[in-house]
Amino acid sequence: MPTYSTTTDSVAARVAGSDAPRAQRTYYTVEQNAAIFRSYFSLEFELGTQVAGAVCRFPELEVKCALSHHLHSGMLRARDFRARLADFNVPHPEHKVDGRYTNLVRHLLAAPDETSLLAALYRVIRPSQLRAYQAHASTTLEVNDAPSRELLEMHLPGLTRDLDWGQEYLARQERAGWSGAAEFEEELRGHLRAVGGPMGVKAPEGATEPERYPAWRRPRQMALEPRFTLLSADRYTLPDWPEYEAIPSAYTHFTELPVIDIVGTLLSDGRGMRLPFEFFTEFSRQLWDEARHSTMGFERLQAFGVDPYSVPIPVGHFTAWANINLLHRLASLTQVGEACSFAPKRQWVKHAWERQDPLSALEHEYDIVDERMHVRFGARWIPEIMRLQHDGRSVRQVVQDADWEFRERINKLRKKAGENWAKDLGERFMGCGTDTSPVSLAPALDGIPNIIA
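None of the values given here were measured: they were computed from a predicted structure.

Q: Explain the environment of L108 to me, and be specific about the residues and the numbers.
A: Mapped onto the elements, L108 comes out in helix α4 (residues 99-109). For L108, a relative accessible area of 0% gives the class buried. Residues L108 and E185, 77 residues apart in the sequence, show an inter-C-alpha distance of 9.3 Å. Excluding anything up to four places from it in sequence, L108 contacts L47, V51, L117, A120, L121, I125, F184 and L188.

Take a look at the structure:
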C-alpha cells in the first residue's frame, strides 16, 4: 500500500527547479488542486498569447512554424486545465490570470535575442512544466483525482515532442557557432523558482523577489531571414513578377507566410479586452493553420523545382494589417482577405486536377476547409468586439471601413516600394465577387498557362 502525505511542499519544491521522482502519493486537497491548476493555466495562457504576438520577431521560417504549432498545443492544454478548474468551481480563469506568470513571460520576452528566448523557453520553462505535470500525475490520488491524472498524462507526449524539437534546434545552433544563453537561462530559472515553479505552490527559502517587467512592444515590421531575396509590399502577380508563370500552383499559400505573424498579433492584442476564452483557442488554431499552409506551399514549390526563398514575400501585409486596430484587422483579414479568396482558390484546385497534380489540388482543398473556418471565426468575434468597444456601426460598415484602411495603407507601401500603385482606390467594398476591392489572399489564375506536370 502506498504511503500518503498531507502536504504538497515536497513535490512543489522539487518541480520548482529539479526533477521530481515518483515517490509517495500525496493528498492534494481540492483547494490545493484548484490553486495548482490555476497556475498551470496562467502560464500556458500567457505563453500562448504573449509569445504568439512575438512570433513576428523570429526571422527563421522553421521557427515561426514550429513555435506556432507548439503555442497552439499549449493553448489546448490551457483549454483542458480550464475545464478542470470548472470542476473545482473556478470559472473564467482567463479573467483571473495569476500576475506572477504574466511577469514571468514578460521577462522571457525581454531576452537579448531570439535564440536566447528559445533557449529559456525550451531549456527552462517547458522542461519545468513537463516535470510538474509528471510529478502531479504520479503523486496525486489515483482514483479520487483520476480526472487530473489522466488529463496531465494525456498531454505529456505532445509537450515532450515540442521539447525534443526545441532542444534539437538549439543544439544545431550551438554546432553552428552560437555561444549559448547561460546567463539569461539562469535568470529565468531563478524567476521561475521564485514563483514556485509551474505549480506556484511554494517558493524555496531565500528566493529573490523578481523585478517587474514591462509589456513587450512588438516591432512595426516582421522579421524574415535574409535567405528570402525578394521582399515586397503587396502580393506580386502578373505583370509585376514574370516568374509567376512558371509556378503552376503553390505560389498562393507560401506567400501567406506573413499571415502567421499577423494572426499572432490577434492573440496578443486580444488580451487588451475581456474576450471569452474561445477567442483565443480559435485564433490559436488559425495561427497553427497558417504555419501549416506556409509549409504546404513550401513543399509544393520545392516539388516544382522552385526555390521558395526566391519567391516574393509580401511583408507589407504585416506592416499594414498588424498596425491597424484589432477590430479592423480582424474584419479586413477574415471578411475580405480570406473570404474573397475562395473563388480564385477553387480555380487553382480545378487547374491542378486538370494537369493531373493531385497533391497541389489537395493542398488548396484543405486550405479552403481551414479558410472557411477562419472566416467564421471573424464573423463570430467582430460583433463581440464591437459590443465591448460600444461601436455603433453596422458590421457591414466596419468591414467596409477596415477594407478601405488596409487598401490605403498597402497602396502607400506599394508606392514607397516602387510597385504598381493606384492613384484612385475606386469604390468601397460591396462584397466578394463585386470587384470592389483588390484585397484577397489568393491571386487570380488569369494568364497562367495550363502546364501539364
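There's more to say after this.
Q: Help me get a handle on the state of the cysteines, residues and values and all.
A: Per the stated rule, a full pass over the model turns up one disulfide. Between the sulfur of C340 and that of C432 lies a disulfide, 2.0 Å long from S to S. The sign of the -85° torsion about the S-S bond sets the C340-C432 disulfide as left-handed. Of this pair, C340 sits in the loop between α12 (326-338) and α13 (342-354) while C432 is found in the segment after α15 (395-417), placing the two residues 92 residues apart along the sequence. The class of C432 is partly exposed, set by a relative accessible area of 38%. Here C65 is not cross-linked by a disulfide; its sulfur's nearest cysteine counterpart is in C56, at 14 Å. With a relative accessible area of 13%, C65 lands in the buried category.

Q: I'd like a description of the layout of surface pockets, backed by residues and values.
A: It is the rolling of a water-molecule-sized probe over the atoms that shows where space remains empty. Of the volumes computed, that of the second largest pocket is approximately 420 Å³. Around the second largest pocket, the lining is made up of 19 residues, and of these Q50, A215, W216, S268 and D269 lie nearest the centre. Listed by contribution, the elements that provide at least two residues to the lining of the second largest pocket are α2 (30-53), α4 and α9 (257-269). Looking at which element gives the most residues to the lining of the second largest pocket, the answer is α4, with four residues.

Q: I'd like a description of the packing of α2 against α9, backed by residues and values.
A: At a closest axis distance of 7 Å, the pairing of α2 and α9 adopts a crossing angle of 130°. Regarding the angle of α2 to α9, the classification is oblique. The two elements α2 and α9 meet at a crossing, and its hand is left-handed. Residues G48, T49, A52 and G53 of α2 lie in contact with α9, whose contacting residues are G264, T265, L267 and S268. Tallied by class, the residues present in the contact of α2 with α9 amount to two nonpolar, six polar and no charged.

Q: Go over the environment of V349 with me, naming the residues and quoting the values.
A: Mapped onto the elements of the fold, V349 is located in helix α13. The exposure class assigned to V349 is buried, which follows from its relative accessible area of 10%. In this structure, the C-alpha to C-alpha distance between V349 and H364, residues 15 residues apart in sequence, is 6.0 Å.

Q: Go over the packing of aromatic side chains with me, naming the residues and quoting the values.
A: Under the criterion given, the structure shown has 21 aromatic pairs. Note on F37 and Y40: the rings are 5.4 Å apart at their centroids and 80° apart in plane angle, and the pair reads as edge-to-face. One end of the pair, F37, and the other, Y40, are both in helix α2, three residues apart, so they sit about a helical turn from each other. Under the relative-accessibility criterion, F37 is labelled buried at 0%. Measuring from ring centre to ring centre gives 4.0 Å for W321 and F406, while their planes differ by 20°; the resulting arrangement is stacked. Taken as a pair, W321 in helix α11 (residues 316-321) and F406 in helix α15 lie far apart in primary sequence, 85 residues in all. The residues W321 and F406 share a single accessibility class, namely buried. Note that R227 overlies the ring of Y309, its terminal NZ or CZ placed 3.8 Å from the centroid.

Q: Got a sec to walk through the pattern of salt bridges? Specific residues and values, please.
A: Applying the stated criterion across every chain yields a total of 37 salt bridges. Among the ionic pairs, E174 bridges to R123, the shortest N-O distance being 3.3 Å. Placement of the pair is E174 in helix α6 (residues 146-175) and R123 in helix α5 (residues 114-139), with a sequence separation of 51 residues. Two residues, E371 and K345, come together in a salt bridge whose shortest N-O distance is 3.8 Å. Taken together, the residues span a long stretch of sequence, with E371 in helix α14 (residues 358-388) and K345 in helix α13 at a distance of 26 residues. The same class applies to E371 as to K345, namely buried. Taken together, the salt bridges that share partners define one network made up of E256, K345, D367 and E371.

Q: Provide a residue-level description of helix α10 (residues 277-303), including the pertinent values.
A: Between the first and last C-alpha of α10 there are 40 Å, a value that for 27 residues agrees with the 39 Å anticipated at 1.5 Å per step. The buried fraction of α10 is high, at 19 of 27 residues. One or two residues past the end of α10 sits G305, with phi positive at roughly 80°.

Q: Give a detailed account of the side chain of S284, specifying residues and quantitative values.
A: If you trace the backbone, S284 turns up in helix α10. We classify S284 as buried; its relative accessible area is 1%. One polar contact links S284 to H72, side chain to side chain, over a distance of 3.2 Å. Residues in contact with S284, not counting those within four places in the same chain, are L71, H72, M75 and L267.

Q: Break down unusual backbone geometry for me, citing the residues and quoting the values.
A: At N89, a residue that is not glycine, the phi angle is positive and equals roughly 65°. Relative to the elements of secondary structure, N89 occurs in the loop between α3 (61-87) and α4. Using a relative accessible area of 68% as the deciding quantity, one classes N89 as exposed. Positive phi values are uncommon outside glycine, yet H92 reaches one of about 50°. Inspection of the secondary structure puts H92 in the loop between α3 and α4.

Calculation notes
- Residues numbered from 1 in each chain as written.
- Predicted model: local features only at pLDDT ≥ 70, side-chain atom pairs only at ≥ 80, totals over all residues.
- Heavy atoms only, no water.
- Helix = DSSP H or I, 4+ residues; strand = E, 2+ residues; numbered from the N terminus.
- Buried < 20%, exposed > 50% of the residue type's maximum accessible area, 1.4 Å probe, protein only.
- Contact = heavy atoms within 4.5 Å.
- Disulfide = S-S within 2.5 Å.
- 1 Å grid on protein atoms, 1.4 Å probe; cavity = no way out; pocket = protein on both sides within 12 Å on 5 of 7 lines; lining within 4 Å.
- Points joined across faces, edges and corners; volume = space filled by probe spheres on them.
- Axes fitted to C-alpha atoms, helices over the stretch in contact; angles between N-to-C directions.
- Parallel < 35°, antiparallel > 145°, perpendicular 65-115°, else oblique.
- Left-handed = near helix turned anticlockwise from the far one by under 90°.
- Nonpolar A, V, L, I, M, F, W, Y, C, P; charged D, E, K, R; others polar.
- Phe/Tyr/Trp six-rings, centres within 6.5 Å; stacked < 30°, edge-to-face > 60°.
- Lys NZ or Arg CZ within 6 Å of the ring centre and 35° of its normal.
- Salt bridge = Lys/Arg side-chain N within 4 Å of Asp/Glu carboxyl O.
- Expected span 1.5 Å × (residues − 1).
- Polar contact = N/O pair within 3.5 Å; in protein donor to acceptor, adjacent residues only side chain to side chain.

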